[in-house]
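# Coordinate inspection notes
Each chain, letter by letter, is given below.
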Amino acid sequence: MITGSLVALVTPMHPNGDIHWEDLDKLVDFHIENGTHGIVAVGTTGESATLDPEEHCKAIGHIIKRVDGRISVIAGTGGNSTREAIELTAEAHKLGADACLLVVPYYNKPTQEGLYQHFKAIAEAVPGMSQMLYNVPGRTACDMLNETVLRLADIPNIVGIKDATGNIPRGVELIEALNGRLAVYSGDDATAAELMLAGAKGNVSVTANVAPKAMSQLCEAAVDGNREETDRLNELLMPLNRKLFLEANPIPVKWALHRMGIIGEGIRLPLTPLSEKFHGEVEDALKASGVL
């Protein structure tokens, strides 16, 4: 079971929007050197929505090759087309990903039965791949209910869920109802500490992009049930947890990494660079959390 800090990795880009492979290598090494427990490749934060299928798979393969087995790699292979999600998941499996992350289909608003059949079809089509569900209703406009997750827990290769609802009582209810059948991970940095203290196994984190060491330490403390250390680290990181979402993710976090000198400033339309009016707030958060 993968536990701890799973960074939702950005995809570095040149100013023209092409993927910056050298910066991607540097970013992977930065995370391994600073204790990140796993990398989520080409998820929402990695701008999966604007990478074409060839780029998507090439980026996943590139990250797997650079990691070279040192930590786990979870490939973002979800989509609002079941056939496309199956194709991406199968390719990620061939490339050697340790697991895949499958977002609830967005825009087309399937029913709960449709969600069940969607994830069941992917699991059955690629039975050798461990799969993590991803519920983020704030982005998808479709909320997968706990009851549906409990149904999906019966499928052997569905092994976890990233809960990005930010709703702690609901997350605790899910953890208790699953009773260990699936691993629950937070997908909301601001509430992740509490969910891990309640039994979640880790955090798929945006903040970890810029503060990997502190986030990995927080996750270790929270999973171990050390509230005092968890609270200390959570307070340290809270400025970043708040300010890295002043504009749509990954706009602020890519600006922050550029400000830190780790990646270039490229981002792909329709996303645009961080508005100048927010530069000071994000920089102040980087300083408050000890990153700058």
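Residue indices follow the written sequence of each chain, beginning from 1 at its first position. For a predicted model such as this one, the threshold for reporting local features is a pLDDT of at least 70, and the threshold for listing and counting side-chain atom pairs is 80 or more; totals across whole chains, interfaces and linings nevertheless cover every residue. Note that the side-chain values use all heavy atoms of the structure and ignore hydrogens as well as water.

Looking only at helices and strands, the protein has 12 helices and eight strands in total. The C-alpha atoms of the protein give a radius of gyration of 18 Å, which matches the 19 Å a tight globule of 292 residues would have. Taken over the C-alpha atoms alone, the protein extends approximately 45 × 45 × 35 Å along its principal axes. If you sum the accessible surface of the protein, you get close to 12,300 Å²; carbon and sulfur atoms cover 49% of it. Under the convention used here, Asp and Glu are negative, Lys and Arg are positive, and both His and the chain ends fall outside the count. Charge positions come from single atoms, namely NZ of Lys, CZ of Arg, CG of Asp or CD of Glu. Averaging the positions of the 25 positive and the 38 negative side-chain charges in the protein gives two centres separated by 1 Å. In this text, helices come from DSSP runs of H or I with a minimum length of four residues, and strands from runs of E with a minimum of two, each type numbered from the N-terminal end. Our radius of gyration is a C-alpha quantity, and the globule rule it is checked against amounts to 2.2 Å times the number of residues to the power 0.38. Only the protein chains shown count as cover for residues, and all accessible areas are computed by the Shrake-Rupley method using a 1.4 Å probe.

On to the packing of aromatic side chains, then. Aromatic pairs are defined between Phe, Tyr and Trp rings, using the six-membered ring for Trp, whenever the two ring centres lie within 6.5 Å; interplanar angles under 30 degrees are classed as stacked, those over 60 as edge-to-face, and all others as tilted. For the structure shown, the criterion picks out zero aromatic pairs. One residue, Arg151, lies across the ring of Tyr116, its end atom 3.7 Å from the ring centre. Geometrically, a lysine NZ or arginine CZ counts as sitting over a ring once it is within 6 Å of the ring centre and also within 35 degrees of the ring normal. Here the basic side chain of Lys162 rests over the ring of Tyr134, its NZ or CZ set 3.9 Å away from the ring centre.

What follows deals with the packing of helix 3 (residues 82-95) against helix 4 (residues 112-125). Between the N-to-C directions of two axes lies an angle of 0 to 180 degrees, each axis being a line fitted to C-alpha atoms and, for a helix, fitted only over the stretch in contact. At a minimum axis distance of 9 Å, the contact between helix 3 and helix 4 shows a crossing angle of 30 degrees. Between helix 3 and helix 4, the angle is such that the two are roughly parallel. The crossing of helix 3 and helix 4 is right-handed. On helix 4, the residues that touch Thr82, Ala85, Ile86 and Thr89 of helix 3 are His118, Ala121, Ile122 and Ala125. Across the contact of helix 3 with helix 4, the residue classes tally to five nonpolar, three polar and no charged. Orientation categories follow fixed angle ranges, with anything under 35 degrees roughly parallel, anything over 145 roughly antiparallel, 65 to 115 roughly perpendicular, and all other angles oblique. Note on convention: near helix rotated counterclockwise from far helix by under a right angle means a left-handed crossing. Clockwise means right-handed. Throughout, a contact is declared for two residues whenever any of their heavy atoms are within 4.5 Å. Three residue categories are used. Nonpolar comprises Ala, Val, Leu, Ile, Met, Phe, Trp, Tyr, Cys and Pro, charged comprises Asp, Glu, Lys and Arg, and polar comprises the others, including Gly.

Turning our attention to the pattern of salt bridges. Here, a salt bridge means any side-chain nitrogen of Lys or Arg that lies within 4 Å of a carboxyl oxygen of Asp or Glu. Tallied over the full model, the rule gives 16 salt bridges. Note that Asp29 is salt-bridged to Arg66, the shortest N-O span being 2.5 Å. Of this pair, Asp29 sits in helix 1 (residues 21-33) while Arg66 is found in helix 2 (residues 53-67), placing the two residues 37 residues apart along the sequence. A salt bridge links Arg170 to Asp143, with the shortest nitrogen-to-oxygen separation between them at 2.7 Å. With a gap of 27 residues between them, Arg170 in helix 7 (residues 168-178) and Asp143 in the loop between helix 5 (137-140) and helix 6 (146-152) connect regions that are remote in the sequence.

A few words on the pairing of strand 7 (residues 183-186). Within a regular beta strand, the side chains point alternately toward one face of the sheet and then the other, so they alternate between its two faces. Burial classes: relative accessible area under 20% of the type maximum marks a residue as buried, over 50% as exposed, and values in between as partly exposed (1.4 Å probe, protein chains only). Covered by surrounding structure in strand 7 are Ala183 and Tyr185 together with Val184 and Ser186, the residues of both alternating faces. A clockwise path from the first strand over the helix to the second, with the strands pointing away from the viewer, defines a right-handed crossover. Remark: the strand 7/helix 8 (residues 192-197)/strand 8 (residues 202-205) crossover connection has right-handed handedness.

A separate point is the environment of Ala99. Following the sequence through the fold, Ala99 ends up in strand 4 (residues 99-103). According to the relative accessible area criterion, Ala99 is buried, its value standing at 5%. As for Ala99 and Val73, which are separated by 26 residues in sequence, their C-alpha atoms are 6.9 Å apart. Those residues within four positions of Ala99 in sequence are excluded, and the remaining contacts are Val73, Ile74, Ala75, Met129 and Ser130.

The next subject is the sheet that holds strand 5 (residues 131-135). Here we have eight strands rolled up into a closed barrel, ordered 1-2-3-4-5-6-7-8, and parallel in their pairing. Pairs of neighbouring strands in the sheet enclose a mean axial angle of 25 degrees, with direction left out of account. As paired elements, strand 2 (residues 38-41) and strand 3 (residues 72-76) share four bridges and run parallel to each other. Bridge pairing in strand 3 links Ala41 to Ala75. Pairing between strands requires that DSSP locate at least two bridges from one strand to the other.

Bringing the environment of Ala141 into the picture now. Mapped onto the elements of the fold, Ala141 is located in the loop between helix 5 and helix 6. Measuring from C-alpha to C-alpha, the distance between Ala141 and Val104 comes to 9.2 Å, with 37 residues separating the pair along the chain.

With that settled, consider the pairing of strand 8. Of the two faces of strand 8, both are covered, the one formed by Gly202 and Val204 as well as the one formed by Asn203 and Ser205. Where strand 1 (residues 4-8) lies against strand 8, four bridges are found, and the strand directions are parallel. Across the sheet, residue Leu6 finds its bridge partner in strand 8, namely Val204. Sheet analysis places strand 7 next to strand 8, joined by two bridges and oriented parallel. Bridge assignment links Ser186 to a residue of strand 8, and that residue is Asn203.

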